[in-house]
Amino acid sequence: MQIDSPRLTYHPITESDWPFFLALYQDRNVMRFVADPRDVDEIRRVAFNVRLPRWQPGSKHWLCLVLRDKTSGEPVGVSGFIDRGQNSAEVGYLLSAAFHGKGYGTESLRAICQAAFAFGFSKLIATVTTGNLASKAVLEKVGFMQEEILRESYYLNGRWQDDWIFALLPPAGPAATEG
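Residues numbered from 1 in each chain as written. Predicted model: local features only at pLDDT ≥ 70, side-chain atom pairs only at ≥ 80, totals over all residues. Heavy atoms only, no water.

The name an unreviewed UniProt entry gives the protein is GNAT family N-acetyltransferase, with Mixta hanseatica as the organism.

The structure is reproduced here in structure tokens:
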């Protein structure tokens with residue numbers, strides 16, 4: 001699988017990416033809309049190890065790619081998607097706080113969406129905790145549209161949070177093949 005974009009390289013997550021992954025999951029600026037703080041063992045078991053197996057179409061785990069700056073080689077974040085059935089995939093991304101607000105989220109999401117559509121998915125979805133305006137803006141720049149709000153859907157920061165659900169169809173859309 002080759003995924004490319006102007007400033008980033010993409011490679012499947014490996015054991016050697018553990019220190020960077022751990023740093024992402026321990027950074028409250030990165031995780032404040034994603035998950036409550038976890039201990040190292042739980043991050044390893046629940047978030048990292050499940051992303052290590054080789055991904056292929058039909059896999060039931062996340063395709064997790066590490067994003068690296070092409071110039072410096074520095075890790076920027078992680079991104080990927082998971083098959084949610086009915087020919088749809090959920091996309092996700094986490095960027096190191098040092099790279100927030102610099103267009104890397106938009107760039108990487110566009111590349112991930114192109115890859116997901118190339119694998120034959122006909123709809124991509126994204127779930128964002130209400131209040132995560134930066135992530136909402138990234139999704140909208142890429143063309144995602146908000147479809148619904150799931151009320152009190154996710155327990156985070158000591159209370160139930162609403163989730164925004166976004167979706168993106170392939171560039172041609174299903175209407176282009178009808179009639």
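Don't stop here, the text continues.
1. Let's talk about the sheet that holds strand β5 (residues 123–129)
Spatially, 7 strands are ordered β1-β2-β3-β4-β5-β7-β6 in an open sheet, and the strand pairing comes out mixed. The sheet terminates laterally at β1 (8–12) and β6 (145–156), the two strands that pair on one side only. For this sheet, the mean inter-axis angle between neighbouring strands, taken without regard to orientation, is 30°. Judged from the 6 bridges that link them, strand β2 (residues 63–69) and strand β3 (residues 75–85) form a sheet pairing that is antiparallel. Across the sheet, the residue bridging to Leu65 is Ser79, located in β3. Contacting β3 and β4 (88–95), helix α1 (residues 18–26) runs over the sheet at an angle of about 85° to β3. Sitting on the sheet, helix α4 (residues 104–118) touches β1, β2, β3, β4, β5 and β7 (159–168), and the angle it makes with β1 is about 50°. (Pairing = 2+ DSSP bridges. Helix = DSSP H or I, 4+ residues; strand = E, 2+ residues; numbered from the N terminus. Axes fitted to C-alpha atoms, helices over the stretch in contact; angles between N-to-C directions. Contact = heavy atoms within 4.5 Å.)

2. Comments concerning the UniProt feature "domain: N-acetyltransferase" (unreviewed entry) in the protein
Look at the UniProt record and you will see "domain: N-acetyltransferase" (unreviewed entry) annotated at residues 8–171. Overall, residues 8–171 shows 29% helix and 37% strand. The separation of its end C-alpha atoms is 22 Å. (UniProt positions renumbered as here; feature names shortened; annotations may be inferred.)

3. Observations concerning the environment of Arg110
Among the secondary structure elements, Arg110 is positioned in helix α4. The class of Arg110 is partly exposed, set by a relative accessible area of 41%. It is 9.2 Å that separates the C-alpha atoms of Arg110 and Gly143, two residues lying 33 residues apart in sequence. Here Arg110 is in contact with Lys141 and Val142, once residues within four sequence places are set aside. (Buried < 20%, exposed > 50% of the residue type's maximum accessible area, 1.4 Å probe, protein only.)

4. Here's the deal with the packing of α1 against helix α3 (residues 40–48)
Contact geometry of α1 with α3 gives a least axis separation of 11 Å together with a crossing angle of 105°. Judged by the inter-axis angle, α1 sits roughly perpendicular to α3. Contact with α1, carried on its side by Trp18, Phe21, Leu22, Tyr25 and Gln26, involves Val40, Ile43, Arg44, Ala47 and Phe48 of α3 and no other residues of that element. Classifying every residue of the contact of α1 with α3 gives 8 nonpolar, 1 polar and 1 charged. (Parallel < 35°, antiparallel > 145°, perpendicular 65-115°, else oblique. Nonpolar A, V, L, I, M, F, W, Y, C, P; charged D, E, K, R; others polar.)

5. Brief notes about the pairing of β6
Here β6 pairs with β7 via 8 bridges, running antiparallel. Bridging from a neighbouring strand, Met145 pairs with Ala167 of β7. The turn joining β6 and β7, which pair antiparallel and follow one another in sequence, is formed by 2 residues; a positive phi near 55° is taken by Asn157.

6. Quick notes on the pattern of salt bridges
If charged atoms from side chains of opposite charge come close, those side chains can pair. This model, assessed by the stated rule, comprises 7 salt bridges. Linking Asp17 and Arg68 is a salt bridge whose minimum nitrogen-to-oxygen distance equals 3.4 Å. Note that Asp17 is positioned in the loop between β1 and α1 and Arg68 in strand β2, a separation of 51 residues in sequence. The class for Asp17 is buried, based on a relative accessible area of 3%. A salt bridge links Asp162 to Arg151, with the nearest nitrogen and oxygen atoms 3.2 Å apart. With a gap of 11 residues between them, Asp162 in strand β7 and Arg151 in strand β6 connect regions that are remote in the sequence. Classification of Arg151 as exposed rests on a relative accessible area of 60%. (Salt bridge = Lys/Arg side-chain N within 4 Å of Asp/Glu carboxyl O.)

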